[in-house]
Amino acid sequence: MQNNTILRILIASAIYLLCFGHISADQEPIKVESIDAENVSTDELGDLKLSGNVYIKTNYLEFWSQKATYNNENQSFILEGEVKVLSKNLSIDTNELMANLSSQTFFLSKTSFTLLDRTFGKADKFSVLASGNVELLNTSFNNCSKDDPFWEISAKKITLLKDEQNVVIRDISLKIGKVPVFYFPYLRAAIGKERLSGFLTPSIRQGKDGLDLSLPYYFNIATNQDLTITPRYIEERGNGLGLSYRYLGNMNEGEISLFGLAKDRKYKQETGKKSSRWRGSWSQSSNFDNKIFSEIKYEDASDEFYFRDVNDDLIGNTRKDYLQRNVNIWWKTPKIKLGLSLKESQSLNPFSLEDYKSVPLISLSAFKKRNDLLFIFSSNYGVFEQERINSLSQRPERIKRAFFQPELRYKKNFNSSDFSFSLGSEETIYRVDNKKIERSTPWLEIEYKVYLEKDINESYSLLTPIVKYINIKSNAHKKNPQIDTRQRSQSFQNLYKRNWFSGEDLVSDRNRVILGFEHFVSSKRSVYNNYFSLGRAFLKEKDQPLSTSGVINHSALVGEFKSFLNDRTWLTGMLDWNSTESQLNSGFINIAHESDTGFNLNIRSSYRKSVSSSYLVPWADHFEPVKNIEFSSQWPVFENLTVFAKLKKDLEKSSSSDILYGFQYSNCCLKAGLMKRKWKEQDYFSWQVNYSDPFSALSNGYDPIKERDNIYIFLEFKQMGRLGKEISDVISSTLLE
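Everything quoted here is computed from the prediction, not taken from an experiment.

A. Inspection of the overall build of the protein at higher detail. Helix and strand content of the protein: six helices and 42 strands. Looking at the protein as a whole, 42% of its 737 residues qualify as buried. The contacts in the protein between residues at least 6 apart in sequence include a share of 48% that link residues at least 24 apart. As displayed, the protein offers around 39,300 Å² of accessible surface, 53% of which is attributable to carbon and sulfur atoms.

Here it is as structure tokens:
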């Protein structure tokens, strides 16, 4: 529906710009400003007779012709012989034009026109009536060429109704060359901001499951409600029906979306299971007097593999990893926020473990500020459950957790420095299997920043040294439940956080001093700018830290850099360096270049010594390092021909995980290309042949990674929707990243 809008955009919008764009009721009527011609005379009725390079200028349009008759009393004229009409966005050529500016009517015959230098059309008769309605007889449009278009849309009659802001099109057809490929006897569509019930543009695509056809019908229920029903046919799967209902009220807005396949033939062949499949979603946000707010996000599907099989991605690159089911309600004032949340996420990957769902989570926050002092109280209470339990998770089925954190902050800004001081305590209480687990973590933070600026004629630089002291005293239980905690990725920003874990279940219980700096340089004469940061935490106690480095007395050295060498080339990177063992814990570097000619190049290399949160990654090789390099490029070798390629290689295993290459040809109205792709992806089905559940398969050595090898053809008629996929989408697909 988003891609294939040519019938409404090309016809309705073009006619709207063509006519109403110049003579709308909101504008001043068209008036003659000057008249010029080589020969001027007056007939017996007092009309001016003009000949030889006739030129009539109005406040909106300019007219040229070889002959003209002009009546000053009613501001009317007749133009004959090679008539041309010009405006800022419009050019019209016709044999004859009759205009009456007092009634704002126009009549043209044998007309051709160009709109915005990219839409070309012609009509046997073109009329703008006194009512403001527009009629075109035997008209055609295209976005290719004025003389020899590759495709063309034609209609026997087009009537644009100004008062109703919609267009009525009769006997509309689409031709590829001289061959008609689509016909519809009647179409009515809205223009501008008005909406009208009726058929929307059909979608025709060629995807991984063969031909994919859909014909949406739009119901304009009310000014604040609409409904779209879409029958759909997928060649290798079967027939389906979708609907989308949108609503907007004074206090809420939302959308309900449903789609179902009666019988999915391909799914039944692969799994032997019931072939009826469906998905649904409901999203809504509400605002009650700017005090009470709510958000609902609910998604569901018949099976875990629905979004892999039945989606809008033509070559299977995009994927949906989980379904959200969240309800959030909160009451908010300038000093207090009280909230209630119900959260659940269903993983669509059978090889991953389920997160806990909250049933419910109640939160309360309070704020009080006086001068430079700020008092914050944060708390929440939740009941967390896990539906699907397996031996790999080793986590309890039900947990109750209460969390409280009072905090006092003081911050003072000086001319070239900032000082901040804060203290508080995290109090957490768990109840698991009738057992009570308590954790108390009082903490203190002191931070000081200095801003050292240097402003000279050609450049500006800023050096910011940062020192921070964190004192934590924790009685954390070694068997604290882990509900929503993850280890944060290493970065300069995360290095200065009090807790190197997200969530509320684990704490970084090491007293430490963090030293680091940020440096920024920019040129006043070019786009060149450079950012660099470097920092390290010095740990005071001798116990083993909760850090990725495994170093006893200090953390890894964390550095980041970003550099724009010019407006087309930039460099980014990060490193997490273990200086004690002289090895890299993790890091990446990325070099990118884009040119005006369409050439682009991207090279990225990443390394990670080990996978954090390994209990969520149940593969046999999850303790192995990750070492990847990725290359992608798009290169226009000729004016109309572009070649592209992408390579992703696992250097640790000396094997390629994704290779694709191909070419694309493009002219004024057509794009066509061929792509070869060989890659590895998760196979969600094969384990079912020999195992009862996916985790049993993994524990017995089953490898879900399978190799794929395909050739894809993609085709696009410009401005008419797509059969295939854009090169940029292919190269930057989320799966490939």
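B. Broad picture of the packing of aromatic side chains. Here the structure, examined in full by the defined rule, presents 11 aromatic pairs. Look at Tyr306 and Phe307: their rings are 5.3 Å apart centre to centre, the planes differ by 85 degrees, and that puts the pair in the edge-to-face class. Taking NZ or CZ as reference, Arg232 lies 5.5 Å from the ring centre of Phe259, over its face. Above the face of the Trp330 ring, Lys337 is positioned so that its terminal group lies 5.6 Å from the ring centre.

C. Seen up close, a nonpolar patch on the surface. A contiguous nonpolar surface patch, about 880 Å² in accessible area, is contributed by Met251, Phe288, Ile292, Ile329, Trp331, Ile336, Leu338, Leu340, Ile362, Leu364 and Tyr381. The set of elements that each furnish at least two residues to the nonpolar patch consists of strand 22 (322-332), strand 23 (336-347) and strand 24 (357-370). A per-element tally of the nonpolar patch places strand 23 first, with three residues. Turning to its location among the elements, Leu338 is positioned in strand 23.

D. Highlighting the nonpolar core. Membership of the largest hydrophobic core comes to 37 residues, with the highest contact counts inside it found for Phe63, Phe77, Leu79, Leu97 and Phe106. For this core, the element with the highest residue contribution is strand 10 (residues 151-161), accounting for five residues. In terms of nonpolar packing, the next biggest core, distinct from the first, is built from 13 residues, Trp443, Leu495, Ile514 and Ala537 among them.

E. Up close: the environment of Phe113. By secondary structure assignment, the location of Phe113 is in strand 7 (residues 105-115). Overall, Phe113 belongs to the buried group, its relative accessible area being 2%. Measuring from C-alpha to C-alpha, the distance between Phe113 and Lys146 comes to 8.7 Å, with 33 residues separating the pair along the chain.

F. Molecular detail of the side chain of His554. Within the secondary structure, His554 is located in the loop between strand 32 (529-539) and strand 33 (557-564). By relative accessible area, His554 is classed as buried at 11%. A polar contact is formed between the side chain of His554 and the side chain of Thr580, at a distance of 3.4 Å.

G. Summary view of the pairing of strand 5 (residues 76-86). Pairing of strand 4 (residues 62-71) with strand 5 involves eight bridges; the strand directions are antiparallel. Counterpart to Asn71 in the pairing with strand 5 is Ser76. Following strand 4, the chain reverses through four residues before pairing antiparallel with strand 5; Gln75 in that reversal takes a positive phi of roughly 55 degrees. As paired strands, strand 5 and strand 6 (residues 90-100) are joined by nine bridges and run antiparallel to one another. Across the sheet, the residue bridging to Ser76 is Asn100, located in strand 6.

H. Looking closely at the pairing of strand 3 (residues 48-58). The pairing of strand 1 (residues 32-36) with strand 3 spans four bridges and is classified as antiparallel. If you follow Asp36 over to strand 3, its bridge partner there is Tyr55. Between strand 2 (residues 39-42) and strand 3, which pair antiparallel one after the other, the connecting turn spans five residues, and Gly46 there sits at a positive phi close to 90 degrees. The pairing of strand 3 with strand 4 spans eight bridges and is antiparallel. Paired with Leu48 across the bridge in strand 4 is Tyr70. Hairpin connection of strand 3 to strand 4: three residues between the antiparallel strands.

I. Just the pattern of salt bridges, in detail. Applying the stated criterion across every chain yields a total of 32 salt bridges. For the salt bridge of Asp309 with Arg237, the shortest nitrogen-to-oxygen distance reads 3.7 Å. Here Asp309, found in helix 3 (residues 306-309), pairs with Arg237, found in the loop between strand 17 (225-234) and strand 18 (238-248); they are 72 residues apart in sequence, far enough to count as distant. As far as burial versus exposure is concerned, Asp309 and Arg237 are alike and both buried. Among the salt bridges present, the one from Arg401 reaches Glu504, with a minimum N-O distance of 3.2 Å. One end of the pair, Arg401, is in strand 26 (residues 398-413); the other, Glu504, is in the loop between helix 4 (492-495) and strand 31 (512-523), and 103 residues separate them in sequence. As far as the burial class goes, Arg401 and Glu504 line up, both buried. Through salt bridges with shared partners, a single ionic network connects Arg237, Asp264, Arg277, Asp303 and Asp309.

J. Representation of the environment of Ser474 in the model. Looking at the element boundaries, Ser474 is found in the loop between strand 30 (459-472) and helix 4. The class for Ser474 is partly exposed, based on a relative accessible area of 25%. Separated by 34 residues in sequence, Ser474 and Ser508 place their C-alpha atoms 9.0 Å apart. Leaving out residues up to four positions away in the same chain, Ser474 has contacts with Arg439, Ser440, Thr441, Val507 and Asp509.

K. Structural detail: the side chain of Arg512. Tracing the sequence through the fold places Arg512 in strand 31. We note that Arg512 is buried and unpaired, the nearest opposite charge coming from Glu445 at a distance of 6.8 Å. Separated by 2.7 Å, the side chain of Arg512 and the backbone oxygen of Arg510 make a polar contact. Look past the residues within four positions of Arg512 in its chain and what remains in contact with it is Lys468, Tyr469, Ile470, Ile472, Lys497, Arg498, Asn499, Trp500, Ala537, Phe538 and Leu539.

L. Main features of the confidence of the model for the protein. Per-residue pLDDT for the protein has a mean of 80; in total, 81% of the residues score no lower than 70. By mean pLDDT, the top-scoring element of the protein is strand 30 (95), and the lowest-scoring one is strand 42 (residues 722-723) (37). Below pLDDT 50 for its whole length, residues 313-317 participates in 24 contacts with residues either more than four positions away or in separate chains.

Each value, and the rule that gives it
- Residues numbered from 1 in each chain as written.
- Predicted model: local features only at pLDDT ≥ 70, side-chain atom pairs only at ≥ 80, totals over all residues.
- Heavy atoms only, no water.
- Helix = DSSP H or I, 4+ residues; strand = E, 2+ residues; numbered from the N terminus.
- Buried < 20%, exposed > 50% of the residue type's maximum accessible area, 1.4 Å probe, protein only.
- Contact = heavy atoms within 4.5 Å.
- Areas by Shrake-Rupley, 256 points an atom, 1.4 Å probe, with all protein chains shown as cover.
- Phe/Tyr/Trp six-rings, centres within 6.5 Å; stacked < 30°, edge-to-face > 60°.
- Lys NZ or Arg CZ within 6 Å of the ring centre and 35° of its normal.
- Patch = residues over 30% accessible without salt bridge, like charges linked within 9 Å, V, L, I, M, F, W, Y side chains within 5 Å.
- Salt bridge = Lys/Arg side-chain N within 4 Å of Asp/Glu carboxyl O.
- Core = buried A, V, L, I, M, F, W, Y, C linked by side-chain atoms within 4.5 Å.
- Polar contact = N/O pair within 3.5 Å; in protein donor to acceptor, adjacent residues only side chain to side chain.
- Pairing = 2+ DSSP bridges.
- Lys, Arg positive; Asp, Glu negative; His and termini not counted.
- pLDDT = per-residue confidence, 0-100.

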